[in-house]
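Spelled out from the first residue to the last, the chains are:
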Amino acid sequence: MGQQKEPTTYEKQLVALGRVLQTLREEESVDVLIETTLNYLQDEFDYSLIWIGLYDRLEHRLFGKGGVMPNGDSSFLRQRFVLSPGDLLEQVVIQQRPVGVPDLREETRAGEWRKAAQKFNIQGTMLFPIRYKDRCFGVSLLGSTLWGVSPRSDEKARLSMIFGGLAAALYQIEADWQRQQTKRPEQPLLTLLSKLRQLPTLGQRLEAMVEETHQFIGPSRTNIYWFERERRYFWRRISNRQKTAGFSDANQIASGITVQEISGFYQALAADQLVSIGEAHSSLKADTTSRLMQQIKARSLLAAPILFQNELMGFLAVEGNEARIWEEEEKSYVRGAAQLIALTAPLEEMEEIIQQTRLDQALTAEITHAIYSDEDWKSTLKNCADKLCQRLRAERFLVLLYDKDQEKFEICYQSQPANRRPATTPLNMLNDVDWQMLERSTEAVGIENLEEDLKLMAWQDVFLEIGVRSLLMCSTSIGHPLEGLVVICHEATRTWSRPEREMLRVVSQQIGLILHQWQLQRQTEQQQKISQTIQWGLTTIQQTYQPDRLERSALQHIAQILQVPFAMMVTWLPGRRGGRIVAPVMANSQFMLNTEIVVPVQTDTLVQWALQADGLLPLTVDDLTAETRQWLSGSGIGQILVIALRTAPEHEPTGIVIVADERSRHWPERHLNALGTLVSQLAWSRRNLLLTDSLKAQRESLERLNWYKQRRIEELYRSLNLTLKRLSELSTQKDPLVGTRLQQNLRQMGDALNTVGQLIKDEPWRLRAYYETVPLATLLKRSLERVDYLIKQRQLWSQVHNTEGNLTIAGDITKIEAILYELLVTACYRCQPSGRIDIWCRTLEERWLELSITDNGVIEPRLVAELQTGRSVDLLAPSTLDQPPGLHLLVCQSLIKQMGGEFNLYKLEDGRVLSRLVIPLSAATPTDKTYANRGNTTGFL
């Protein structure tokens, strides 16, 4: 066996490091850990100054734990060093990284350590953080008498391991200490549960609860306060303090706290909130905190509500005479203990609750029987009110019914003592929050103090005025849209229990059946009455054959159905700027107006609003302009409904209907529907009467025109015939030339008379179609000769283009010539002096001739459009085709269409006007002499 090799210096260092690290892992004393670390640093490193300080996070300072000084004095190393911003030590603590200082004597951020360095000639210094898991537990300072000394890489590694091991050990010690100091509420609660199972009475259970709570938390005193609903105050039921004389048992009432004095505290408990009041902290408002602490004579408080089925039974309170910061474990324990009380407390009251439930069920059954057996609903509600107020010890009983038309709640029944005045009706609409609360609630809603509660703000003044301070209400249609409410009122502040809320819920649903049936019956009666009136009004309208009587009768029916004091119409003819006031219904002088005023239809704001609205337009008098008020001037007018007399979308409205009432008037939906129906029927009936009158007038005019034409032609025929006879007598003269000319004139006159005779014989009342042929050149020549005088008179230039030889026109030549003459005359009058008229000819499909006339005249665009698309469907609307030249052109278009041809008017891009006429050629003439329809053709040029 060879000689054992002497260990090297490196191996010795590793052995020493391992020994120290093992000690740091196993040791649980902070002082031993520090001492072990210091000894290792002193033995393994050559530093003149060694110091370790632990970090106090709360005070933000380092307190020395010892080290090595050059003079051997360790008192300086035990000092406490407060960390300030910018200090070298704070930099190491905050950044948790080593810091090297070349000369500690010159470092201005070193503080007291600079003085020590100057005293002991400490220069090169290293400061190491003692850190673990991003937490700094202290700082180590290593100083040398040499300038700028810095540890080597292996030394840094060993220092890092040593200080890391020390920090890990300190972290574990602190964690163990915190676990030992932390209160664990589950253990005493489990112990308490086992105790409660063995205690027979509620009083004993509460005493055990108070004793265990006081022992776990250690306050100045522990109390259980119980809540008295009727009088709304808390009384101290159990306390850990020695009972004073006069307390016979645990249930004896002690000092009390009224809810009115500490409403904020009460609301927090009712909302299942833990109340914590300690040093510089309170979960309540300052004024509530001050009053509460004065009542219980304490400076700190933890209070947990005792709630069972959302009803506040009381609270568990731990109170301290000194300010205290409550830990989370203490809060959790108090809340858990209060919930245990809430579970055990109802056991004692169970028999009483069962007995009261039986009584409530019997009372509910009795009320339900009364509801279904009594035919008089008011007697039924009186019976319900008496029994319910007696059971709930309340003074008032109200049944509210929601009126959709008025958007208010009507008091359809109320009961109160004889010496109390009733509530005024109706009640205003609730705000959205209250409405949603009542509609969504599945049980009765209670208000303990109406003056302090934010619910029912719209009704608060009404109820407070009649002395109501608390109330209980429930919807009559739970789970459905709100129809009505049953309200129980009390004149003092009080809390409503769950059995009381449940009883009102059951009764209100039964009452809801009565209200729903009664409301349906009332709506049916109202609807029947309106339907009968509408039917009567429609029948009267349909049987009226004069427009003025129709308007007067319709407005009277509208005023009767809507029950309004004022109704009127403003009517006008399409295209007119002024409207007249028609058949106004004015019940009294406040709604009188001047019927002679002409209403400016195009500029009046109310009229234009009505025409632009789609249906009924509700307004107030404040919406009207000063211009409208000049004719709608009644002083009593407040609310207004206006609707246009409109029949079809393509028809122009010819008037508006206006109904008005006072400012307080509300328009029910059924009245609006009735008004819309009557006005629609009125518009159609009035339109039909106006069209009938218009067509009748046109017919009479045409009859007179035809009679006049017929008589004039007959007179012409008689006169010409007489002249012809006289000329025949002159034809006997011997002069041959005179005779020849005379015979020629006689022949021409005979031809004219034959034409007139044929007109008189064949066309006295209607036009008749003839078939003839004529060369195109002859047709154009005769037409131009007839307008030659007009062309010369207006100094126009005319020319025919593209004439084709051997073309023959077939058809009713007389009418075609008249149409061509009409187009040329119209073009001549349209042109300015020195203008130009061109006639263009070309064949289409070898069967039709397109004859076009262009001129540089001025034409109304609307005339061009209406000739192409036809006049408006609304025959009452004004049109350019109602009078010449449009009327003449429309007649020409109609005649040529009967012949199978076409006529239309165009505005060309270069500004010229084109009159396009398509007429048949003789080659296209059928053998049976009837007209054939031609297909569409394209234009020319």
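Just so we're clear, the structure is a prediction, and the values are computed from it rather than from any experiment.

Asker: Is there a simple way to think about the overall build of the chain in this case?
Answerer: The number of helices and strands found in the chain is 24 helices and 31 strands. Counting every atom, the chain has about 50,200 Å² of accessible surface; 49% of that belongs to carbon and sulfur.

Asker: Would you mind going over the side chain of Asp-434 with me for this structure?
Answerer: Structurally, Asp-434 is set in helix 12 (residues 432-440). No salt bridge forms around the buried Asp-434; measuring N to O, its nearest opposite-charge neighbour Lys-455 is 7.5 Å away. Here Asp-434 is in contact with Lys-455, Leu-456 and Met-457, once residues within four sequence places are set aside.

Asker: Sorry if this is basic, but what is going on with the sheet that holds strand 6 (residues 135-143) here?
Answerer: Backbone hydrogen bonds are what pair the strands of a sheet, in a parallel or an antiparallel way. Spatially, 3-2-1-6-5-4 is the arrangement adopted by the six strands of the open sheet, whose pairing is antiparallel. Both outer strands of the open sheet, strand 3 (80-82) and strand 4 (99-101), are each paired with one neighbouring strand and no more. Adjacent strand axes in the sheet meet at a mean angle of 25° when their direction is disregarded. Examined bridge by bridge, strand 4 and strand 5 (residues 125-132) share three bridges and lie antiparallel to one another. Residue pairing across strands places Val-101 opposite Thr-125, the latter belonging to strand 5. Docked against the sheet, helix 2 (residues 30-44) engages strand 1 (49-56), strand 2 (61-68) and strand 6, running at close to 150° with respect to strand 1.

Asker: Would you explain the nonpolar core in this entry?
Answerer: Grouped burial of nonpolar side chains is what soluble globular proteins tend to show. Core analysis: the biggest nonpolar cluster contains 42 residues, and Leu-776, Ile-809, Leu-849, Leu-851, Ile-853 and Ile-919 have the highest contact counts within it. It is helix 22 (residues 813-830) that contributes the most residues to this core, nine residues altogether. Ignoring sequence-local partners within four residues, the contact set of Leu-851 consists of Leu-776, Leu-780, Leu-820, Ile-839, Trp-840, Cys-841, Ser-915, Arg-916 and Leu-917. Membership of the second largest hydrophobic core comes to 30 residues, among which are Leu-189, Leu-192, Val-318 and Ala-342.

Asker: Sorry if this is basic, but what is going on with helix 22 here?
Answerer: Quick reminder: α-helices carry 3.6 residues per turn. Residues three or four places apart thus point the same way. With 18 residues, helix 22 extends 25 Å from end C-alpha to end C-alpha; this agrees with the ideal 26 Å at 1.5 Å per step. The buried count for helix 22 comes to 14 of 18 residues, which makes it a mostly enclosed element.

Asker: Honestly, the environment of Glu-107 in this entry has me stumped. Any pointers?
Answerer: By the element assignment, Glu-107 lies in the loop between strand 4 and helix 4 (112-120). By relative accessible area, Glu-107 is classed as buried at 15%. As a C-alpha pair, Glu-107 and Leu-88 span 19 residues in sequence and 8.7 Å in three-dimensional space. In this structure, Glu-107 is in contact with Leu-88, Val-101 and Arg-114, ignoring residues within four places of it in sequence.

Asker: Can you walk me through the pattern of salt bridges in this structure?
Answerer: Any two side chains of opposite charge can pair, on the condition that their charged atoms come close. One pass over the structure, following the stated rule, counts 40 salt bridges. For Arg-505, the salt bridge identified is with Glu-502, shortest N-O distance 2.8 Å. Note that Arg-505 and Glu-502 are positioned in helix 14 (residues 498-542) at a spacing of three residues, about one turn of the helix. According to the relative accessible area criterion, Glu-502 is partly exposed, its value standing at 37%. A salt bridge links Arg-786 to Glu-817; its shortest N-O distance comes to 3.9 Å. Residue Arg-786 is found in helix 20 (residues 776-786), and its partner Glu-817 is found in helix 22; the two are separated by 31 residues along the sequence.

Asker: Looking at this structure, how should I read the confidence of the model for the chain?
Answerer: For any part of a model where pLDDT is low, the fine detail of the predicted coordinates should not be relied upon. Averaged over every residue, the pLDDT of the chain is 81; the share at 70 or more is 85%. Averaged over each element, pLDDT in the chain is lowest for helix 10 (residues 328-373) (70) and highest for strand 31 (residues 913-920) (94). Here residues 242-254 scores under 50 on pLDDT; set against residues more than four positions off or in separate chains, the count is 18 contacts. This model gives residues 924-941 a pLDDT under 50, and the stretch forms 42 contacts once residues within four places in sequence are excluded.

Asker: Would you explain unusual backbone geometry in this entry?
Answerer: Note on backbone geometry: most residues besides glycine have negative phi, and most peptide bonds are trans. In this chain, Pro-884 is followed by Pro-885 through a cis amide linkage whose omega measures 0°. Note that Pro-885 resides in the loop between helix 23 (861-869) and helix 24 (886-898). For Gln-795, which is not a glycine, the phi torsion comes out positive at approximately 55°. The exposed category is assigned to Gln-795, whose relative accessible area is 55%.

Asker: It is not clear to me how the sheet that holds strand 15 (residues 408-415) should be interpreted in this structure. Could you clarify?
Answerer: Taken together, the five strands give an open sheet; going across it, the order is 15-14-18-17-16, and neighbouring strands pair in antiparallel fashion. For this open sheet the edge positions go to strand 15 and strand 16 (445-447), each flanked by a neighbour on one side alone. Taken over all neighbouring pairs, the strand axes of this sheet differ in orientation by 20° on average, direction set aside. The sheet contact formed by strand 14 (residues 396-403) and strand 18 (residues 484-490) spans six bridges and is antiparallel. Its bridge partner lying in strand 18, Val-399 is registered against Val-486.

Asker: Can you help me understand empty space enclosed by the protein in this one?
Answerer: Counted by the stated rule, this structure contains one cavity of 30 Å³ or more. Looking at the largest cavity, its volume works out to about 70 Å³. Around the largest cavity, the lining residues are Leu-645, Thr-647, Glu-652, Thr-654, Ala-683, Arg-686, Arg-687, Leu-690 and Leu-876. Looking at side-chain class alone, the lining of the largest cavity contains four nonpolar, two polar and three charged residues.

Asker: Looking at this structure, how should I read the packing of helix 22 against helix 24?
Answerer: For any two helices packed against each other, one specifies the inter-axial angle together with the distance between the axes. Taken N-terminus to C-terminus, the directions of helix 22 and helix 24 make an angle of 150°; their axes are 10 Å apart at the nearest point. Every pair of crossing elements has a handedness; the one defined by helix 22 and helix 24 is left-handed. Residues Lys-815, Ile-819, Glu-822, Leu-823 and Thr-826 of helix 22 form the contact with helix 24, whose own contacting residues are His-888, Leu-889, Cys-892, Leu-895 and Ile-896. Among the residues forming the contact of helix 22 with helix 24, the class breakdown is six nonpolar, two polar and two charged.

Asker: Explanation requested: the packing of aromatic side chains in the structure shown.
Answerer: The geometry of an aromatic ring pair comes down to the distance between the two centres and the angle between the two planes. Inspection of every chain in the model, using the stated rule, returns 24 aromatic pairs. Here the aromatic rings of Phe-81 and Trp-113 are separated by 5.4 Å at their centres, their planes lie at 25°, and the arrangement is stacked. Here Phe-81 is found in strand 3, whereas its partner Trp-113 is found in helix 4, with 32 residues between them in sequence. Centroid distance Phe-128 to Phe-163: 5.5 Å. Interplanar angle 40°. Geometry classified as tilted. Here Phe-128, found in strand 5, pairs with Phe-163, found in helix 5 (residues 153-181); they are 35 residues apart in sequence, far enough to count as distant. Residue Phe-128 shares its accessibility class with Phe-163, and that shared class is buried.

Asker: Even after reading the chapter, I still don't get the pairing of strand 6, so can you show me in this structure?
Answerer: For a regular strand, the rule is simple: side chains alternate between the two faces of the sheet. Burial analysis of strand 6 places eight of its nine residues in the buried class, the great majority of the element. In this structure, strand 1 lies alongside strand 6, joined through six bridges in antiparallel fashion. Of the residues in strand 6, the one forming a bridge with Ile-50 is Leu-142. Between strand 5 and the antiparallel strand that follows it, strand 6, lie two residues; Lys-133 among them carries a positive phi value of about 55°.

Asker: It is not clear to me how the pairing of strand 15 should be interpreted in this structure. Could you clarify?
Answerer: For strand 14 and strand 15, the ladder comprises seven bridges, and the chain directions are antiparallel. Within strand 15, the position partnered with Leu-401 by the bridge is Glu-410.

Asker: I tried to follow the environment of Ser-685 on my own but got confused; where do I start?
Answerer: Its location among the elements puts Ser-685 in helix 18 (residues 669-730). Sequence separation between Ser-685 and Pro-547 is 138 residues, and the spatial gap between their C-alpha atoms is 8.6 Å.

Asker: Would you mind showing me how to read the state of the cysteines here?
Answerer: Where two cysteines share a covalent bond between their sulfur atoms, that bond is called a disulfide. Evaluated as defined, the whole model comprises zero disulfides. Of the cysteine sulfurs around Cys-389, a residue in no disulfide, the closest is that of Cys-489, at 8.5 Å. Here Cys-389 falls in the buried class, since its relative accessible area comes to 11%.

Cut-off values and rules
- Residues numbered from 1 in each chain as written.
- Predicted model: local features only at pLDDT ≥ 70, side-chain atom pairs only at ≥ 80, totals over all residues.
- Heavy atoms only, no water.
- Helix = DSSP H or I, 4+ residues; strand = E, 2+ residues; numbered from the N terminus.
- Areas by Shrake-Rupley, 256 points an atom, 1.4 Å probe, with all protein chains shown as cover.
- Buried < 20%, exposed > 50% of the residue type's maximum accessible area, 1.4 Å probe, protein only.
- Lys, Arg positive; Asp, Glu negative; His and termini not counted.
- Salt bridge = Lys/Arg side-chain N within 4 Å of Asp/Glu carboxyl O.
- Contact = heavy atoms within 4.5 Å.
- Pairing = 2+ DSSP bridges.
- Axes fitted to C-alpha atoms, helices over the stretch in contact; angles between N-to-C directions.
- Core = buried A, V, L, I, M, F, W, Y, C linked by side-chain atoms within 4.5 Å.
- Expected span 1.5 Å × (residues − 1).
- pLDDT = per-residue confidence, 0-100.
- 1 Å grid on protein atoms, 1.4 Å probe; cavity = no way out; pocket = protein on both sides within 12 Å on 5 of 7 lines; lining within 4 Å.
- Points joined across faces, edges and corners; volume = space filled by probe spheres on them.
- Nonpolar A, V, L, I, M, F, W, Y, C, P; charged D, E, K, R; others polar.
- Left-handed = near helix turned anticlockwise from the far one by under 90°.
- Phe/Tyr/Trp six-rings, centres within 6.5 Å; stacked < 30°, edge-to-face > 60°.
- Disulfide = S-S within 2.5 Å.

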